[in-house]
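What the coordinates show
Okay, here's what each chain looks like letter by letter:
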Amino acid sequence: NAGVTQTPKFQVLKTGQSMTLQCAQDMNHEYMSWYRQDPGMGLRLIHYSVGAGITDQGEVPNGYNVSRSTTEDFPLRLLSAAPSQTSVYFCASSYSIGSNQPQHFGDGTRLSIL
Amino acid sequence: AQSVAQPEDQVNVAEGNPLTVKCTYSVSGNPYLFWYVQYPNRGLQFLLKYITGDNLVKGSYGFEAEFNKSQTSFHLKKPSALVSDSALYFCAVRDRQTGANNLFFGTGTRLTVIP
């Protein structure tokens, strides 16, 4: 049981480049989300999805796009990378949209923007 | 507005001693409360949650947490710390009335257990 898988684990980009962070889960979870983790700021929600075809913005959505074409996959796209997007990105999923469900996290993508 | 405060960036404790990692929260309604642990270069792992009922919640690896509504706190505790407990701990809260997307995390507390 792989859980939540994120690729790549590390990435270095130049300002203005675009890229897609991949996230896949094999637990048939409805709810998936993307967070960024910055020192001293905890985790902040970027985008989330409550099912295939349904996405919504979180706390810090600017500069990022998402789509959810299947239950399993929830990619995060950086349209034009900026140094402020240097961070560790975590994808998470949970069984349902019930708000008492704990989330399962991937191991993160460490992204540096030069 | 929802928020979570972890007042200590760093907690040091000797192996075998009890440990406490503090968390206070603010929500408009009743909370769902969570503790997660993060080891180096890994994602967050769920430890325990409070939904309703008994104020003392038991979780993974011998951890427990006490919900105190009057003090709006949810402190994480363990009777006897292990070196392997050294990690980054996050408290998180959801307001029951606002739905699934609003999970707010604290800024984390780094626990170091000294052999």
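These notes cover the structure that comes with them. Values in this document were obtained by computation on a predicted structure and should not be read as measured data. (Residues numbered from 1 in each chain as written. Chains lettered and ligands numbered in written order. Predicted model: local features only at pLDDT ≥ 70, side-chain atom pairs only at ≥ 80, totals over all residues. Heavy atoms only, no water.)

**Looking at the interface of chain B and chain A**
On the chain A side, the residues contacting the 21 residues of chain B number 21 residues. Summed over the shared surface of chain B and chain A, the number is one salt bridge. Taking the shortest distance from any N to any O, the salt bridge between A:Asp107 and B:Arg42 comes out at 3.0 Å. Taken together, chain B and chain A are joined by four residue pairs in polar contact (both at pLDDT 80 or more). (Contact = heavy atoms within 4.5 Å. Salt bridge = Lys/Arg side-chain N within 4 Å of Asp/Glu carboxyl O. Polar contact = N/O pair within 3.5 Å; in protein donor to acceptor, adjacent residues only side chain to side chain.)

**Considerations on the pattern of salt bridges**
All names here are of chain B. Applying the stated rule across the entire model yields six salt bridges over all chains. Between glutamate 66 and lysine 77 there is a salt bridge whose closest N-O contact spans 3.5 Å. Here glutamate 66 is found in strand E8 (residues 64–68), whereas its partner lysine 77 is found in strand E9 (residues 73–78), with 11 residues between them in sequence. Taking the relative accessible area as the measure of exposure, glutamate 66 reaches 37% and is therefore partly exposed. (Helix = DSSP H or I, 4+ residues; strand = E, 2+ residues; numbered from the N terminus. Buried < 20%, exposed > 50% of the residue type's maximum accessible area, 1.4 Å probe, protein only.)

**A look at the pairing of strand E12 (residues 109–114) of chain B**
Residues and elements named next belong to chain B. Residues Thr109, Leu111 and Val113 of E12 are buried on one face, while the alternating residues Arg110, Thr112 and Ile114, pointing to the opposite face, are not. Sheet analysis places strand E2 (residues 10–14) next to E12, joined by five bridges and oriented parallel. The residue bridging valine 11 from the neighbouring strand is leucine 111, located in E12. As paired elements, strand E10 (residues 87–95) and E12 share three bridges and run antiparallel to each other. Looking at the pairing, alanine 87 lines up with leucine 111 of E12. (Pairing = 2+ DSSP bridges.)

**Let's talk about the side chain of A:Arg68**
Residues and elements named next belong to chain A. Note that arginine 68 resides in the loop between strand E7 (64–66) and strand E8 (76–78). The buried charged residue arginine 68 lacks any salt bridge partner; its closest oppositely charged side chain belongs to glutamate 72, at an N-O distance of 7.5 Å. A polar atom in the side chain of arginine 68 sits 2.8 Å from the backbone oxygen of glutamate 30. A polar contact is formed between the side chain of arginine 68 and the backbone oxygen of threonine 70, at a distance of 3.2 Å. When sequence neighbours within four positions are dropped, the list of residues in contact with arginine 68 reads Gln25, His29, Glu30, Met32, Ser49, Val50, Gly51, Ala52, Gly53, Thr55, Asp73 and Phe74. (Lys, Arg positive; Asp, Glu negative; His and termini not counted.)

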